[in-house]
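What follows is the residue order along each chain.
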Amino acid sequence: MTSDAVQTESVATATENLREVITRARFVLFDFDGPICRLFAGHAAEDVAKDLVEWLERQGLRGLLTEEERFHPDPMVVLHAVHRRHPHSDLVTELEARLTQQELKAVPSAMPTAFADPLIRTWSAVGARLAIATNNSARTVVSYLASRDLAECFVPNIYGRTQELHHLKPDPHCLNRALNALGAAPSSAVMIGDAPSDLQAAQRAGVPFLGYARNEDKEKLLRKAGADVIVRSLEPVLRELRGQA
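Presented here is an overview of the structure given in this document. (Residues numbered from 1 in each chain as written. Predicted model: local features only at pLDDT ≥ 70, side-chain atom pairs only at ≥ 80, totals over all residues. Heavy atoms only, no water.)

Time to look at the packing of aromatic side chains. Across all of its chains, the model carries 3 aromatic pairs by this definition. With centroids separated by 5.8 Å and ring planes inclined at 85°, the aromatic side chains of phenylalanine 30 and phenylalanine 154 adopt a geometry described as edge-to-face. Of this pair, phenylalanine 30 sits in strand β1 (residues 27–30) while phenylalanine 154 sits in the loop between α7 (138–147) and β5 (158–159), and the two are 124 residues apart along the sequence. A single burial state applies to phenylalanine 30 and to phenylalanine 154, both of which are buried. With 5.6 Å between their ring centres and 70° between their planes, phenylalanine 32 and tyrosine 144 make a pair best called edge-to-face. Here phenylalanine 32 is found in the loop between β1 and β2 (37–38), whereas its partner tyrosine 144 is found in helix α7, with 112 residues between them in sequence. (Phe/Tyr/Trp six-rings, centres within 6.5 Å; stacked < 30°, edge-to-face > 60°. Helix = DSSP H or I, 4+ residues; strand = E, 2+ residues; numbered from the N terminus. Buried < 20%, exposed > 50% of the residue type's maximum accessible area, 1.4 Å probe, protein only.)

So this is what it looks like as structure tokens:
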């Protein structure tokens, strides 16, 4: 078989796998930051992480973080680190509240993921029930969705970060909350996420997974984690859905 033939067969298989996932899904669970938007497109996550670190230092807690944690660009790393050392403390509560405020500041400059808005509206219009299962604050999600006139596609089924940080993905807690609220069997749903933690949460909840990878690095991470069905754009998902309507 020629390389062109192999590539054609691979594309056909990927298309069929995508079609199967979409056809099965009566309930769609979206991760937020990634599949729906890039929350920190204009309000850098690195700056948010730095703000959290500086706040800890002002409290005299510089030694609470390792060197790697102090300079990590992901604010969730800082939050998780503090939670591991002081679980369920007022310190964690305050830090989570500061992260939520920074997320809310990021909403006006968030970058919508290409094809996400029409995909959400189309899936809702054809009768699927939609929910969001995210490690971001639910307040942040609601604020963003309202700015895009998408809230009615999801509300009230938005399940985000709480102060119980052990429930964050890869724990399936927010997925299970969504499934229970929707009255959905896991096999009749699909989780759309862009991180290995999304895949792991979906696996633990028994929900089929559709990976969204906006670049090659994201795709490699998802494939290494074991994701089978991955798209580099939401456009083929929208096209397949419209073809079935």
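Below, the discussion takes up empty space enclosed by the protein. Applying the stated criterion across every chain, the model contains 1 cavity of 30 Å³ or more. In terms of lining, the largest cavity is formed by Thr134, Asn135, Gly160, Arg161, Thr162, Glu164, His167, Leu168, His173 and Cys174. A class-by-class count of the residues in the lining of the largest cavity yields 2 nonpolar, 6 polar and 2 charged. (1 Å grid on protein atoms, 1.4 Å probe; cavity = no way out; pocket = protein on both sides within 12 Å on 5 of 7 lines; lining within 4 Å. Points joined across faces, edges and corners; volume = space filled by probe spheres on them. Nonpolar A, V, L, I, M, F, W, Y, C, P; charged D, E, K, R; others polar.)

A few words now on the environment of serine 233. With respect to the helices and strands, serine 233 occurs in the loop between β8 (230–231) and α11 (235–244). Under the relative-accessibility criterion, serine 233 is labelled partly exposed at 25%. The spacing of serine 233 and threonine 113 is 120 residues in sequence and 8.8 Å in space, taken between C-alpha atoms. Apart from the residues lying within four places of it in its own chain, the contact partners of serine 233 are Phe115 and Tyr212. (Contact = heavy atoms within 4.5 Å.)

Right, let's talk about α7 for a bit. By the burial criterion, the buried members of α7 are Thr140, Val141, Tyr144 and Leu145. Down the axis of α7, the smallest arc covering the buried residues is 125°, so these residues share one side. Buried residues belonging to α7 abut β2, α5 (90–106), β3 (111–112), α6 (116–125), β4 (129–133) and β5. A side-chain oxygen of the first residue of α7 lies 3.1 Å from the backbone nitrogen of arginine 139; this N-cap is serine 137. (Arc of directions from axis to C-beta. Polar contact = N/O pair within 3.5 Å; in protein donor to acceptor, adjacent residues only side chain to side chain.)

It is worth spelling out the environment of arginine 98 at this point. Checked against the element boundaries, arginine 98 lands in helix α5. Residue class for arginine 98 comes out partly exposed when judged on its relative accessible area of 22%. For the pair formed by arginine 98 and serine 143, sequence separation is 45 residues and the distance between their alpha carbons is 16 Å. When residues no more than four places from it in sequence are discounted, the contact partners of arginine 98 are Asp51, Leu52, Trp55 and Arg58. Separated by 3.5 Å, the side chains of arginine 98 and aspartate 51 make a polar contact.

The next point concerns the packing of helix α2 (residues 45–58) against helix α4 (residues 75–85). It is the contact of α2 with α4, at a shortest axis distance of 7 Å, that shows an interaxial angle of 30°. Looking at the two axes, α2 sits roughly parallel to α4. Contacts from Ala45, Val48, Ala49, Leu52, Val53 and Leu56 in α2 reach Pro75, Val78 and Val82 in α4. Here the contact of α2 with α4 is composed, by residue class, of 9 nonpolar, no polar and no charged. (Axes fitted to C-alpha atoms, helices over the stretch in contact; angles between N-to-C directions. Parallel < 35°, antiparallel > 145°, perpendicular 65-115°, else oblique.)

Let us now look at the environment of histidine 43. One can find histidine 43 in the loop between β2 and α2. In this structure the C-alpha to C-alpha distance between histidine 43 and leucine 64, which are 21 residues apart in sequence, comes to 26 Å. Setting aside anything within four residues of it in sequence, one finds histidine 43 in contact with Val48, Gln102, Lys105, Ala106 and Ser109. In terms of polar contacts, histidine 43 uses its side chain to reach the side chain of glutamine 102, at 2.8 Å.

With that out of the way, let us pick up the sheet that holds β1. Spatially, the 6 strands line up as an open sheet ordered β5-β4-β1-β6-β7-β8, and their pairing is parallel. Of all strands in the sheet, those with a lone pairing partner are β5 and β8, marking the two edges. By the bridge criterion, 3 bridges tie strand β6 (residues 189–193) to strand β7 (residues 209–212) in an arrangement that is parallel. The residue of β7 that forms the bridge with methionine 191 is phenylalanine 209. (Pairing = 2+ DSSP bridges.)

None of the figures reported here should be taken as evidence of function without further support.
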